[in-house]
Amino acid sequence: MIDKPSEPEEILAIARASKGRRFLGLFSLGMLGVLVVGVALFRTPALEWRVFLLVVGFASFWMVEQMRRATVGQIELTETVLRDSDGTVIAWIDDIEGMDRGVFAFKPSNGFLLKTKQSAEKAWRPGMWWRMGRRIGIGGMAPGHHTKLMSEIIAVILARRDMEPDDRLD
């Protein structure tokens with residue numbers, strides 16, 4: 001007997017980069033690359049400075065491409081998983097231990113920080129999210145109202161999960 005494919009989970013919240021922030025971020029990094037390479041080529045600093053400036057300039061161009069790719073997609077939240085639109089699992093909801101949305105938290109702009117129970121492989125989508133060990137930063141180029149809604153929904157899911165079984169509301 002063949003199992004029916006399960007229906008896709010309902011997406012509870014989406015965070016995507018706004019066009020203005022995306023343009024400004026990509027333009028700024030691109031201009032940095034142009035200026036630094038221009039200084040290296042058209043001014044005559046010492047050879048070691050020229051090499052350093054070229055490396056920084058081409059790293060900026062590489063970063064523009066990485067950010068462009070990352071900000072095309074979106075972050076999706078379902079009842080069980082926080083994922084990138086390319087299918088990359090950012091965190092399983094059951095694995096989330098806590099969340100920090102405070103002003104002084106080490107988090108992306110307009111975003112929030114998650115702490116998971118288990119460490120995961122390092123990953124980075126510039127302008128959208130990063131993961132280092134047990135810490136995950138969500139936000140950056142996404143508007144604050146997208147990430148705030150997402151963090152509020154995660155807080156409700158975590159609170160509901162942490163309730164005692166006899167206290168759960170059905």
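Owing to the predicted nature of the structure, the values given are computational and were not obtained by experimental measurement.

Novice: How should the sheet that holds strand β5 (residues 96-100) be read in this particular structure?
Specialist: Pairing between the strands of a sheet comes from backbone hydrogen bonds, and it takes one of two forms, parallel or antiparallel. Spatially, three strands are ordered β5-β6-β7 in an open sheet, and the strand pairing comes out antiparallel. Because the sheet does not close on itself, it has two edges, and the strands there are β5 and β7 (129-138). With strand direction ignored, the average angle separating the axes of adjacent strands in the sheet is 75°. In this structure, β5 lies alongside strand β6 (residues 112-125), joined through four bridges in antiparallel fashion. Among the inter-strand pairings, I96 is bridged to a residue of β6, identified as T116.

Novice: Could you clarify how one ought to interpret the packing of helix α1 (residues 19-42) against helix α2 (residues 47-72) in this entry?
Specialist: Think of two packed helices as two axes; the pair is described by the angle between the axes and how far apart they sit. Contact pair α1 / α2: the axes reach a minimum separation of 8 Å and the direction vectors enclose 165°. Between α1 and α2, the angle falls in the class roughly antiparallel. The handedness of the crossing between α1 and α2 is left-handed. For the contact of α1 with α2, a count of residues per class yields 18 nonpolar, six polar and three charged.

Novice: Explanation requested: the confidence of the model for the protein chain in the structure shown.
Specialist: Regions with low pLDDT should not have their predicted coordinates read in detail. Per-residue confidence for the protein chain gives a mean pLDDT of 87, with 92% of residues at or over 70. Within the model, pLDDT remains below 50 along residues 1-5, and this stretch shows zero contacts once partners closer than five positions in the same chain are excluded.

Novice: Which parts of the structure should I look at to understand the sheet that holds strand β3 (residues 81-84)?
Specialist: Spatially, four strands are ordered β1-β2-β3-β4 in an open sheet, and the strand pairing comes out antiparallel. The strands lining the two open edges of the sheet, one partner per strand, are β1 (13-16) and β4 (89-92). Neighbouring strand axes in the sheet, compared pairwise and without regard to direction, differ in orientation by 10° on average. By the bridge criterion, four bridges tie β1 to strand β2 (residues 74-77) in an arrangement that is antiparallel. When the sheet's bridge partners are listed, I14 is paired in β2 with E76.

Novice: Before we go on, may I ask you to explain the packing of aromatic side chains in this structure?
Specialist: Note on aromatic pairs: each is described by the distance of the centres and the angle between the planes. Taken as a whole and judged by the stated rule, the model has three aromatic pairs. When the centroid spacing of 5.9 Å and the interplanar angle of 65° are considered together, the rings of F58 and F61 count as edge-to-face. Of this pair, F58 and F61 are both found in helix α2, three residues apart, which corresponds to roughly one turn of the helix.

What counts and how
Residues numbered from 1 in each chain as written. Predicted model: local features only at pLDDT ≥ 70, side-chain atom pairs only at ≥ 80, totals over all residues. Heavy atoms only, no water. Pairing = 2+ DSSP bridges. Helix = DSSP H or I, 4+ residues; strand = E, 2+ residues; numbered from the N terminus. Axes fitted to C-alpha atoms, helices over the stretch in contact; angles between N-to-C directions. Parallel < 35°, antiparallel > 145°, perpendicular 65-115°, else oblique. Left-handed = near helix turned anticlockwise from the far one by under 90°. Nonpolar A, V, L, I, M, F, W, Y, C, P; charged D, E, K, R; others polar. pLDDT = per-residue confidence, 0-100. Contact = heavy atoms within 4.5 Å. Phe/Tyr/Trp six-rings, centres within 6.5 Å; stacked < 30°, edge-to-face > 60°.

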